[in-house]
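Listed below, chain by chain, are the residues.
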Amino acid sequence: MPAVQETVDRVRAIDVDQYKYGFETTIEMEKSEKGISEDVIRFISAKKDEPEWMLEWRLDAYRRWLTMKEPNWARVEYDKINYDELYYYAAPKRKAAQSLDEIDPEILKTYEKLGIPLREVEVLEGIAPERRVAVDAVFDSVSVATTFKAELAKAGVIFMPISEALREHPELVRKYLGSVVPVTDNYFATLNSAVFSDGSFVYIPPGVRCPMELSTYFRINERDTGQFERTLIIADKGSYVSYLEGCTAPKRDDNQLHAAVVELVALDDAEIKYSTVQNWYPGDAEGRGGIYNFVTKRGDCRGANSKISWTQVETGSAITWKYPSCILRGDNSRGEFYSIAVSNGMQQVDSGTKMIHLGKNTTSRIISKGISAGRSQNTYRGLVSAHKKAKGARNFTNCDSLLIGDQCGAHTVPYIESKNASAVFEHEATTSKISEDQKFYCLQRGLSEEEATALIVNGFVRDVLQQLPMEFAVEAQKLISISLEGSVG
Amino acid sequence: MLEIKNLVVNIEDKRILNGLSLTVNDGEVAAIMGPNGSGKSTLSYVIAGKEDYEVLDGEILLDGENILEMEADARAAAGIFLAFQYPLEIPGVGTMTFLKAAMNAQRKTRGEDELTTPDFMRQVFAAADKLEINREMLKRALNVGFSGGEKKRMEILQMALLSPRFCVLDETDSGLDIDALRIVSEGVNALRAQNRSFLVITHYQRLLNHIVPDTVHVMAQGRVVKSGGKELALELEASGYAEYRANEAA
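Numbers given to residues run from 1 along each chain, matching the order in which its sequence is written. Working convention: letters from A go to chains and numbers from 1 go to ligands, in the order in which they are written. Whole-chain, interface and lining totals are the exception, using all residues; otherwise, since this is a predicted model, local features are given only for residues with pLDDT of at least 70 and side-chain atom pairs are given and counted only at 80 or more.

Caption draft 1: Layout of the UniProt feature "domain: SUF system FeS cluster assembly SufBD N-terminal" (unreviewed entry) in chain A. UniProt positions are given in the numbering used here, feature names are shortened, and annotations may be inferred rather than shown by experiment. In this numbering, the UniProt entry assigns the feature "domain: SUF system FeS cluster assembly SufBD N-terminal" (unreviewed entry) to residues 149-209 of chain A. Along residues 149-209 of chain A the backbone is 48% helical and 15% strand, and the end-to-end C-alpha distance reaches 16 Å. Elements are defined by DSSP. Helices are runs of H or I of four residues or more, strands are runs of E of two residues or more, and each kind is numbered from the N terminus.

Dropping the structure here:
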């Protein structure tokens, strides 16, 4: 495993408080006025040149939000968020770019530094079967570039910023937006519905296998700015798409709010594979700064034989509140959730999934691996439920927690509800520590302490990493080791 | 050459090794026998550098260098190898992955280049064939779900691949059936060499019929109380450890 050596080298090369993506880009920004109000929402909607119904939808959400209370059932503690002190819209001043040459070079540089290719690299025929990924890059509140659009369009695939989709494909957006995560779903989703500024929109037509992986890369740059992106992916009958999401933010002493909503819709025989590597700034070793990540992600297996698979690698954020879920509505539909949640320092993670079995013979599988180090707290919270009509529903859940050191915590909170006697739900959970004996065994063979820990952790998360597209898996593996730096010894 | 001089070791304030001295020359196979609780396994762990053992006095010199000051991984790179009585399972880590990581880690410590994949594969397959370890076993996670015999063969495979200077076999015969004992012993015998020595820890004479030692040492109460040639093992087999237990009681 060459990655082990690489990760060890990387871990050695950086000190505890260093977060590789913590740099800031200096660029002229246009912002809404501070705080949230109907005026601010009108401002955002006007900026996006949205249809009237969209503005009404937002305002309706905002009015609902005002009546709602911030949820407090998760096992996380944080200072109260002052919603009036945030900026809800921040965009680079330059006009939306038609080609890469028009994008502010500072932004291009930012993505280059992050290792995200915005230039479509020509792939020579017959040489290097290079894997190509179409990227939508979201910088604070707006999408700054989307690559490979023309090629995707040839296959009939729509991949564009949601703000653009609202103008170009309003009927599609209107039909599906809020159909999986209703406007009133929860405090953060409702807030997002009111003020979301951009995100990605994907539509795969019937029978089409998306010719390349699609990816969105989110970057929060601006200070005191919340990021509220909205992603909507629709896989029409018999189609397939694999989608990747990545995120980073600069290092700052104050906390920043990220409240995204992701909705997936899979129609008959369609399949969506959604992978996330979440690497928001986690705060420093003392718990100063870091992103508050309150995200609602839900997939609807609306059609028969449809399949939605969530894979997430969570290493960043000061607070993670996130439960990517599947509604298994179509008969024989399948939901999967593969998760690696790593917490170190003072990070708090409350994450898991919900598998709602509604259709007949629906199946789901949950594999969750929590790794806690430092003084962090890591909670798995999951719900598996079977509706009266969900005859033959089956779930398999496996939650494993690994503790590194003795000041961290791991918690598992599974909820299981079955209203159908034929449902079969299995739940397995383990909590282990990296044993001193295992470590000694590795050391006796010549591995250093860091190498031994990296190896054992990689082994622990292996079955989840295998679910990720290959390049992503290598990245994720490095990321996990970096996140655990300073936890050894 | 490994020289142990007046080794005194405690675990949690309890004296386990009490002034143990022992010399194993290059190319020599030394057997250590003794009743339960005489400190045999502690000796193997202290040589390999496991923490939790408090070394109060003495030295362990490998070719004149005191290894007690080295970390466990540095000792491994210097050529100390311990075949565990109970090899550890490492879930999710493929056997090949582990072998490569270990071999390259030691090479790196010694300032050598990493092995190329083809070289690595050739070495592993050649050594595995001798120990009747099939390819399927190499694909599994290290020691996970292995039988007792498979685990011990895996230890010897690692010993062969890491080419150590000094090998400690801690009750390698425990849990082995006749066939596995033969395979493991042949594996060890094949590694006997001029510049390599062995410390074979065992309760039973049985293993020493297969791995014939040059010297036999009896341990009791944390020190070597009797040394002799291979015939000493036969005597012990006949008379048992009663004599040494009596000493303990006295």
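Text resumes after the structure shown.
Caption draft 2: Quick peek at the sheet that holds strand S1 (residues 2-11) of chain B. Residues and elements named next belong to chain B. Two strands are counted as paired when DSSP detects at least two bridges linking them. What the four strands build is an open sheet, ordered S2-S1-S4-S5; its pairing is antiparallel. Looking at which strands have only one partner, the edges of the open sheet turn out to be strand S2 (14-24) and strand S5 (65-66). When S1 meets strand S4 (residues 54-62), the two strands line up antiparallel, connected through seven bridges. By the bridge assignment for S4, Asn 10 is matched with Glu 54.

Caption draft 3: Representation of the packing of helix H6 (residues 148-162) of chain B against helix H7 (residues 178-191) of chain B within the structure. All names here are of chain B. Only the stretch in contact is used when fitting a helix axis, every axis being a line fitted to C-alpha atoms; angles between N-to-C directions are given from 0 to 180 degrees. For the pair H6 and H7, interaxial distance at closest approach is 10 Å and the crossing angle is 10 degrees. With respect to H7, the axis of H6 lies roughly parallel. Packed against H6, whose contacting residues are Gly 149, Lys 152, Arg 153, Ile 156, Met 159 and Ala 160, the element H7 presents Ala 180, Ile 183, Val 184, Gly 187, Val 188 and Leu 191 at the interface. Each residue is assigned to one of three groups, with Ala, Val, Leu, Ile, Met, Phe, Trp, Tyr, Cys and Pro labelled nonpolar, Asp, Glu, Lys and Arg labelled charged, and all others, Gly among them, labelled polar. In terms of residue class, the contact of H6 with H7 is built from eight nonpolar, two polar and two charged. Convention used here: angles under 35 degrees read as roughly parallel, angles over 145 as roughly antiparallel, angles from 65 to 115 as roughly perpendicular, and any remaining angle as oblique. By definition, residue pairs are in contact when their C-beta atoms, positioned from the backbone, come within 7 Å.

Caption draft 4: Examining helix H9 (residues 436-444) of chain A more closely. Counting other C-beta atoms within 10 Å of a residue's C-beta gives its exposure: the residue is buried at 20 or more, exposed at 12 or fewer, and partly exposed in between, where C-beta atoms are placed from the backbone. With seven of its nine residues buried, H9(A) lies for the most part within the structure. Buried within H9(A) we find Gln438(A), Lys439(A), Phe440(A), Tyr441(A), Cys442(A), Leu443(A) and Gln444(A). In this structure, the buried residues of H9(A) make contact with helix H10 (449-465) of chain A together with helix H1 (40-48), helix H2 (72-78) and strand S6 (80-83) of chain B. Count one or two residues on from H9(A) and you reach Gly446(A), which has phi positive near 110 degrees.

Caption draft 5: The arrangement of the nonpolar core in detail. Judged by nonpolar contacts, the single largest core of 195 residues is most densely connected at Val202(A), Ile272(A) and Val168(B). When residues of this core are assigned to their parent elements, the largest contribution, nine residues, is made by H10(A). Residues in contact with Val202(A), not counting those within four places in the same chain, are Ile158(A), Phe159(A), Leu214(A), Ile233(A), Ile234(A), Val241(A) and Tyr243(A). Only buried Ala, Val, Leu, Ile, Met, Phe, Trp, Tyr and Cys residues enter a nonpolar core, and they are joined through C-beta atoms within 7 Å.

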